[in-house]
Amino acid sequence: MKLAFQLAYKNLIGAGLKTWLNVAILAFTFLLIIFYNGFIDGWNRQALVEAEKWEYGEGQLLNENYDPRDPFTIKDGYGKLPSEEAQHMTPILLRQGSIYPDGRMFPIMIKGIEINQDVLAFPADKLVNSDESIPILIGKRLAKSTNLEVGDQVLMRWRDKNGTFDAANVTVVEVFKSDVASIDAGQIYMSLDKLYEITGLQDVATMYIGGEGYVSHDVEGWVAKDKEELSSGLTAIINTKKASGSILYILLLAIALLAIFDTQVLSIFRRQKEIGTYISLGMTRIQVVKLFTVEGGMYSLLAAIVAIIVGVPLFWYVSKVGISMPSASQSTGVTIADVIHPYFSLSLIVTTLILVIASATIVSYMPSRKIAKMDPVNALKGKIQ
Amino acid sequence: MNTETIISIENLTKQFPEGDGFFTALKDINLTFKKGEFTGVVGPSGSGKTTLLNIIGSLDKPTSGKVNVLGLDIGNLSHKESANLRNKHIGFIFQVYNLLPVYTVFENVEFALLLQSYTKSERKKMVMESLEWVGLGDQASKRVTKLSGGEGQRVAIARAMVKRPQIVIADEPTANLDAANAHAILKTMKKLNQELNTTFLFSTHDEKVMTYLDRIIHLRDGKLESEEFISHENDKV
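Small disclaimer: the values here were computed from a predicted structure and weren't measured. (Residues numbered from 1 in each chain as written. Chains lettered and ligands numbered in written order. Predicted model: local features only at pLDDT ≥ 70, side-chain atom pairs only at ≥ 80, totals over all residues. Heavy atoms only, no water.)

**Quick word on the overall build of chain A**
At step 1: When you go through chain A residue by residue, the secondary structure sums to ten helices and eleven strands.
At step 2: Summarising its shape, the C-alpha atoms of chain A cover approximately 100 × 45 × 30 Å along the three principal directions.
At step 3: Classification of the 385 residues of chain A by burial places 50% in the buried group.
At step 4: Accessible surface, chain A: about 18,400 Å² in total, of which carbon and sulfur atoms supply 59%.
At step 5: Chain A carries 35 positive and 38 negative side-chain charges, and their two centres are separated by 21 Å. (Helix = DSSP H or I, 4+ residues; strand = E, 2+ residues; numbered from the N terminus. Buried < 20%, exposed > 50% of the residue type's maximum accessible area, 1.4 Å probe, protein only. Areas by Shrake-Rupley, 256 points an atom, 1.4 Å probe, with all protein chains shown as cover. Lys, Arg positive; Asp, Glu negative; His and termini not counted. Charge placed at Lys NZ, Arg CZ, Asp CG, Glu CD.)

Here it is, written out as structure tokens:
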């Protein structure tokens, strides 16, 4: 095998430009696959960290009557969690309502949060320090869609515990910026105590969010959701994106492999005399097949070296600086940061290397098998077989 | 000259498929070759010269009959055994040299040794010795694509001789060379034949080659037409 590598290396280097064209396209494929996957992995990691920070916490307990996918369950989907179970958790009460910015009705979800909680990243201190009668927090997406700014007052309507409509002006005391769209669009945040006060409810919550030290476990009357379960939807979306994006690099890889395949077919066609010479010098046909297969496989090894030389500084820079995402992507409803820092894991690089090297070796082997059936006499004459 | 028989051919027939039938390239050939012979197989195109040498060189197999080379029955050798025979005991010289274009002179000659278990220093010594034989010791690092036709063929001779084979098969070795180069090549081969007692088998219809041969085998239409032994008692290369 060492001999096959030595000879293959000499043959490839000797082939000059033809080799470097194949190597260039394979190296580009390497870089693209690693970059794309690194980008998606970076997005995934950032999205999960952000979602944990703003929405999931260390896990959730949802009232058994509340179904996040069914808005009709909000009305009665609340309860009181025994205090011994509520350790390391913060309650959130959900109520439906509407706001009327510029006279237009805007359906919203009112979320009551503890003003001294530190489980989620909301700037709850803004609610504490406000002198307004009903201070609220809104996210940048709602602010944009309603044209509301800090200091603006807007009429809010809600139902109390008996179902009676009530209304009052609320004041925006902070527009927070979060990459997690699902906690922003159509939602306002106010003090839980204030929400109790305006709805007449007391000491109840729709859900509890686990903080540091919380271990997900079942509680009677409540449905426990751990982090993996909560993030499964986001992960599924990202994986779908990854799969659809992979079509691009599969195509590119296919082109690169086709180039190698063509080169191999052409080599075997054009280098018949050389093959005959190898056999006349005492190589077995299997050794010649091995030599040609290694030659094809070595394109990917050379490409890997080129990709490392180009890719290491490039990817280091990109992962440090990050990639700015267009503002339009923030309104897609999927958690996307303003700047995504691609994450190039060792496993990603090794997996890509193995994928490309194995593919290149297989496509090199396929035409090389023909050599095993060649007649050395005809090969020496250069006769097409 | 050693009288040991190293090649014996009995009733050799070789046929190739052609259309619905067969083309008979060699028919009922009986020959023996002794160690140290400098023999030419001559005849017009299509007479079966190259086919005969290919079978002796275990690049091809007989359709019927028996070909025994260095005690091995060519018809019954596996691919691996054939390769081993060629690698260790048979050197080839081709009409168009068949050098490996991406390698240097040294690497081309070294190639045959790479398939055997010589150390790097042993290989270097053998290659340089072989290149000295053919007068190319100072061109070892040159690319073979930069060589003239005569030099290229001398590299091919060095490659064939480097492993000290018992038999060298040369298929029309002078066909692509001018007269001066052809004589130079033939003198080199004759010298190696005399010094190393290597058996040389040529296929040729070049008159220049004939003057160097000890034995000429005439083939016509795949049949052995005649053979003649030429004495060169007083010749010295």
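**With respect to the interface of chain B and chain A**
At step 1: Contact with chain B, which involves 23 residues of that partner, is made by 22 residues of chain A.
At step 2: In total, chain B and chain A occlude about 2,000 Å² of area from one another, counting both sides; carbon and sulfur atoms represent 67% of this.
At step 3: Counting every contact that joins chain B to chain A gives one salt bridge.
At step 4: For B:E107, the salt bridge goes to A:K10, with nearest N and O atoms at 3.4 Å.
At step 5: In this structure, the connection of chain B to chain A is made through five residue pairs in polar contact (both at pLDDT 80 or more).
At step 6: Broken down by element, the side of chain B that touches chain A gets its largest block of residues, five residues, from helix 2 (residues 79-89) of chain B.
At step 7: Its residues assigned to classes, the side of chain B that touches chain A comprises twelve nonpolar, four polar and seven charged. (Contact = heavy atoms within 4.5 Å. Buried area = accessible area lost by both parts, 1.4 Å probe. Salt bridge = Lys/Arg side-chain N within 4 Å of Asp/Glu carboxyl O. Polar contact = N/O pair within 3.5 Å; in protein donor to acceptor, adjacent residues only side chain to side chain. Nonpolar A, V, L, I, M, F, W, Y, C, P; charged D, E, K, R; others polar.)

**Looking at the sheet that holds strand 3 (residues 38-42) of chain B**
All names here are of chain B.
At step 1: The strand order across the open sheet built from six strands is 6-7-8-3-9-10, with neighbouring strands paired in mixed fashion. Each of the sheet's edge strands pairs with one partner strand only, and the pair in question is strand 6 (90-93) and strand 10 (223-229). Within the sheet, the average angular offset between the axes of one strand and its neighbour, ignoring direction, is 15 degrees.
At step 2: Bridge count between strand 9 (residues 215-220) and strand 10: six bridges; the pairing is antiparallel. Directly across from R220, in strand 10, lies its bridge partner K223.
At step 3: Strand contacts of helix 6 (residues 179-196): strand 3, strand 6 and strand 8 (199-204), with the helix running at about 150 degrees to strand 8, the strand carrying the most contacts. (Pairing = 2+ DSSP bridges. Axes fitted to C-alpha atoms, helices over the stretch in contact; angles between N-to-C directions.)

**Observations concerning the UniProt feature "transmembrane region" (unreviewed entry) in chain A**
Residue and element names in this part refer to chain A.
At step 1: In the UniProt entry, the feature "transmembrane region" (unreviewed entry) is given for residues 20-39, 247-269, 299-319 and 339-365.
At step 2: As a span, residues 20-39 carries 100% helix and 0% strand, and end to end its C-alpha atoms are 28 Å apart.
At step 3: Each end of residues 339-365 is marked by a C-alpha atom, and these two atoms are 43 Å apart; helix forms 74% of the span and strand 7%. (UniProt positions renumbered as here; feature names shortened; annotations may be inferred.)

**What about the domain arrangement of chain A?**
Interfaces are often described in size by the accessible area the parts lose on coming together.
At step 1: According to the domain assignment, chain A contains domain 1 (2-52 + 233-381) and domain 2 (60-225).
At step 2: Measuring from the centre of the C-alpha atoms in domain 1 of chain A to the corresponding centre in domain 2 of chain A gives 50 Å. (Domains from an automatic or database assignment.)

**Some thoughts on the sheet that holds strand 4 (residues 64-69) of chain B**
Residues and elements named next belong to chain B.
At step 1: An order of 2-1-4-5 is seen for the four strands of this open sheet, with the pairing classed as antiparallel. Only two strands of the sheet have a single partner each, and these edge strands are strand 2 (21-34) and strand 5 (72-73).
At step 2: Both strand 4 and strand 5 contribute to a ladder of two bridges, which runs antiparallel. For V69, the partnering residue across the bridge sits in strand 5 and is L72.
At step 3: Lying on the sheet, helix 1 (residues 49-56) is in contact with strand 1 (5-18), strand 2 and strand 4; it crosses strand 1 at an angle near 120 degrees.

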